[in-house]
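# Working through the structure, step by step
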Amino acid sequence: MNSIASERIQEPTPVAAIGAGNRMRTYMHYVAQNPDKVRLVAIAEPDAARREAMRRDFGLDGDAVFEGYDSLFASGIRFDAVFIATPGNEHYRPAMMALERGCHVLLEKPIAQNYDECLAVAELAKKNGLTVSVCHVMRHHPMFLKIKELIDSGNYGRIITVSHTEEVGIDRATHSYVRGTLNNERTSNPMLLDKSCHDVDFLLWITGAHCRRISSFGSRLWFRGENAPAGSADRCIVCPLEERCPYSAVDLYRRRKEWTRNFIPGPGQTVDDIVELQLREGRFGRCVYRCDNDVVDNQVVTMQMTDGMIVTLTMNVFTQRDCRTIEIGMTEGQITCNGMTVNARNFRTRRTETYDFSPLARVGFHGGADLALVEEFIDAVRTGSKPVTSIEGALEAHRIIFEAERSRHTGETVSL
Ligand SMILES: NC(=O)c1ccc[n+]([C@@H]2O[C@H](COP(=O)([O-])OP(=O)(O)OC[C@H]3O[C@@H](n4cnc5c(N)ncnc54)[C@H](O)[C@@H]3O)[C@@H](O)[C@H]2O)c1
């Protein structure tokens, strides 16, 4: 390494943040904890309260914060990398702008909203010699890493089937995918792309196989007008059936005080004030049968892989828990995960190894995976190493999702 390069690596890497919402605040924990490696130098965020909160936290001057990424990129401020954590329909353009300007990119999923755009991001990164790391956090989660390690150990033979269920959880589903901003394909994305691109990426990663044929079924079966019970009202707060409705917004936000993380109070306001406002007139107070949702509430994807292995992914909204369960049938054993514990059973020895990951639920940051992902990205920028979540790996998962959606709409099996 020449002396200029070695001096450069001693300095913290200057980064810019595009979007200052939930995910970015999570990633910023790593930045705050590692001032020797990374330094936030600029922010683009249209919401004034969020922008100001992050500016204050990182002691930035007013001229380092912007309402949008166009002005951020035009500012002339020097940064080597950008973190992009904007809504899913605002990833492609800032990613391309960053790559055109020679910046590495930590990019929230999905990469983009169609496969051609995903490819364009990957190709520009390659052409300009830059790293794009897609935030597929499952690849850094200790429980999923253990599953991969067990498969790769060779102790259980070869995979024949994988049955993977994403239990979305009914509260998350009604909050985000029925009432919330992820409820509509036109203004957001198909639910499979938004919610399960992590899962498809994980399935490709653990199997080490490629998808040959794919079919998918799914629909919006339950959360539609004709299923509204007789006598129900447009808003839970005035609904005579509220007390026995499992999807009541009054119960979720006012009584249980759950899923209120996105209700960011303005000056002089409390979260409870926002809850009451939402219940009276906001999108989150609406009856689940009378929303503008069009995303599915159930979907199954079946993949035949290149070596004949069959992999199924079920996205199930109607679950109490919010977790992933997995059953992997192998020639010499069986690996299962119930969302908290991994069991590996060897057919010949009849021994079962058990790994309990329940303490991780208290760790936060997706069991530490969020911070590990940022660390790996920053190390890649500083040393030229390749992250496990680099865009090359993520591309195939995205392609599969677009093709699964094609299959769901046409009813045909798609060959890749
Ligand atoms: N990797 C994961 O595990 C994971 C988990 C949840 C969400 N996500 C993804 O992260 C992304 C952000 O989700 P979130 O939960 O943080 O949402 P959020 O709504 O909390 O944050 C998004 C922020 O982007 C800002 N924004 C919108 N347009 C912008 C623009 N043009 N320029 C700059 N900022 C803009 C919004 O004002 C908002 O503050 C989404 O793509 C979502 O799919 C990933």
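Residues numbered from 1 in each chain as written. Predicted model: local features only at pLDDT ≥ 70, side-chain atom pairs only at ≥ 80, totals over all residues. Heavy atoms only, no water.

### Section: the site of the ligand
Just so we agree on the cut-off: By convention in this text, a residue qualifies as near a molecule or strand provided that one of its non-hydrogen atoms is within 4 Å of it. Identification of polar contacts relies on pairs of N or O atoms within 3.5 Å, with a donor-acceptor requirement for protein atoms, meaning one able to donate a hydrogen and the other able to accept it, and with residues adjacent in sequence counted only if both atoms are side-chain atoms. Residue exposure ignores everything except the shown protein chains as possible cover, and the areas themselves are Shrake-Rupley values with a 1.4 Å probe. Only DSSP runs of H or I with at least four residues qualify as helices, and only runs of E with at least two residues qualify as strands; both kinds are numbered from the N terminus onward. Classes in brief: Ala, Val, Leu, Ile, Met, Phe, Trp, Tyr, Cys and Pro nonpolar; Asp, Glu, Lys and Arg charged; the others, Gly included, polar.
Looking at the ligand, there are 26 residues lining it, with Arg 23, Glu 45, Arg 50, Glu 108 and Lys 109 nearest. Arg 23 places a polar main-chain atom, nitrogen or oxygen, 2.8 Å from an oxygen atom of the ligand. At 2.6 Å from an oxygen atom of the ligand is found a side-chain nitrogen or oxygen belonging to Arg 50. In isolation the ligand offers 850 Å² of accessible surface; the protein chains occlude 80% of this area. Taken together, the elements giving at least two residues each to the shell around the ligand come down to α2 (22-33) and α9 (191-207). If one sorts the elements of the shell around the ligand by residue count, α2 sits on top with 3 residues. Along the lines of polarity and charge, the residues of the shell around the ligand split into 10 nonpolar, 9 polar and 7 charged.

### Describing the nonpolar core
As a reminder of what qualifies: What makes a nonpolar core is a set of buried Ala, Val, Leu, Ile, Met, Phe, Trp, Tyr and Cys residues whose side-chain atoms join them at distances within 4.5 Å. Buried means the residue's accessible area, taken with a 1.4 Å probe over protein chains only, is under 20% of the maximum for its type, while exposed means over 50%, and partly exposed covers the values in between. What marks off one domain from the next here is an automatic or database domain assignment. Any two residues having at least one pair of non-hydrogen atoms within 4.5 Å are treated as being in contact.
Ranked by size, the top nonpolar core spans 93 residues in total, and within it Ile 111, Ile 147, Phe 202, Met 303, Ile 328 and Ile 335 carry the most contacts. Considering each element in turn, this core owes the most residues, 10 residues, to α9. In this structure, this core is formed jointly by two domains, domain 1 (3-137) and domain 2 (138-223 + 293-361 + 390-415), each of which donates at least three residues. Once residues lying within four places of it in the same chain are set aside, the contact partners of Ile 147 are Phe 202, Ile 326, Ile 328, Cys 337 and Val 342. Formed by 28 residues, the second largest nonpolar core is a distinct cluster that contains Ala 17, Ala 20, Val 38 and Val 374.

### Considerations on unusual backbone geometry
With an omega dihedral of -10 degrees, the bond running from Lys 109 to Pro 110 counts as a cis peptide bond. Residue position: Pro 110 is located in the loop between β5 (104-107) and α6 (115-127). We note that Lys 257 has phi near 55 degrees; this positive angle belongs to a residue other than glycine. On the secondary structure map, Lys 257 appears in the loop between α10 (249-255) and α11 (271-281).

### Re the domain arrangement of the chain
One can read the domain layout of the chain as domain 1 (3-137), domain 2 (138-223 + 293-361 + 390-415) and domain 3 (226-285). Here the C-alpha centre of domain 3 lies 34 Å away from the C-alpha centre of domain 1.

### Describing the pattern of salt bridges
Heads up, the rule is: By definition, a salt bridge exists where a carboxyl oxygen of Asp or Glu is found within 4 Å of a side-chain nitrogen of Lys or Arg.
Scanning all chains against the criterion turns up 32 salt bridges. Close ionic contact of Glu 149 with Lys 146 constitutes a salt bridge, the shortest N to O distance being 3.0 Å. Taken together, the positions of Glu 149 and Lys 146, both in helix α7 (residues 142-152) and 3 residues apart, correspond to about one turn of that helix. Under the relative-accessibility criterion, Glu 149 is labelled partly exposed at 48%. Lys 146 sits in the buried class, given a relative accessible area of 17%. A salt bridge links Arg 321 to Glu 167, with the nearest nitrogen and oxygen atoms 3.7 Å apart. You can see Arg 321 sitting in the loop between β10 (310-316) and β11 (323-330) and its partner Glu 167 sitting in strand β7 (residues 159-167), a full 154 residues away along the chain. Residue classification places Glu 167 among the buried residues on the basis of a relative accessible area of 16%.

### Here's the deal with the side chain of Ser 248
Checked against the element boundaries, Ser 248 lands in the loop between β8 (211-219) and α10. Judged by its relative accessible area of 3%, Ser 248 falls in the buried class. At 3.1 Å, the side chain of Ser 248 forms a polar contact with the backbone nitrogen of Val 250. Sequence-distant contacts of Ser 248, defined by excluding residues within four places in its chain, comprise Arg 179, Cys 236 and Glu 242.

### Focus: the packing of aromatic side chains
To be explicit about the condition: Ring geometry is summarised as follows: Phe, Tyr and Trp rings, the Trp one being its six-membered ring, pair when their centres sit within 6.5 Å, and such pairs are stacked at plane angles under 30 degrees, edge-to-face over 60 and tilted between the two.
Taken as a whole and assessed by the stated rule, the structure comprises 12 aromatic pairs. Ring centres of Phe 144 and Phe 202 lie 5.1 Å apart, and the angle between their planes is 65 degrees; on these two criteria the pair is classed as edge-to-face. Taken as a pair, Phe 144 in helix α7 and Phe 202 in helix α9 lie far apart in primary sequence, 58 residues in all. What makes Phe 144 buried here is its relative accessible area of 5%.

### A word on the pairing of strand β14 (residues 352-356)
Basically, it comes down to this: DSSP-based pairing: two strands are paired if at least 2 bridges between them are found.
Bridging between strand β13 (residues 341-346) and β14 involves 5 bridges; their strand directions are antiparallel. Across the sheet, residue Thr 341 finds its bridge partner in β14, namely Asp 356. Counted between consecutive antiparallel strands, the loop separating β13 from β14 contains 5 residues, among which Arg 350 sits at a positive phi close to 60 degrees.

### Examining the sheet that holds β14
Under the convention used in this document: Angular values range over 0 to 180 degrees, each being the angle between N-to-C directions of two axes fitted as lines to C-alpha atoms, with helices fitted over their stretch in contact.
Here we have 9 strands laid out as an open sheet, ordered β14-β13-β12-β11-β7-β10-β9-β8-β15, and mixed in their pairing. Each of the sheet's edge strands pairs with one partner strand only, and the pair in question is β14 and β15 (414-415). Where β7 and β10 come together, 7 bridges link them in parallel fashion. In the strand pairing of β10, Thr 165 is matched with Thr 314. Docked against the sheet, α7 engages β7, β11, β12 (333-337), β13 and β14, running at close to 5 degrees with respect to β11. Across the face of the sheet, α9 comes into contact with β7, β9 (298-305), β10 and β11 while running at roughly 150 degrees to β10.

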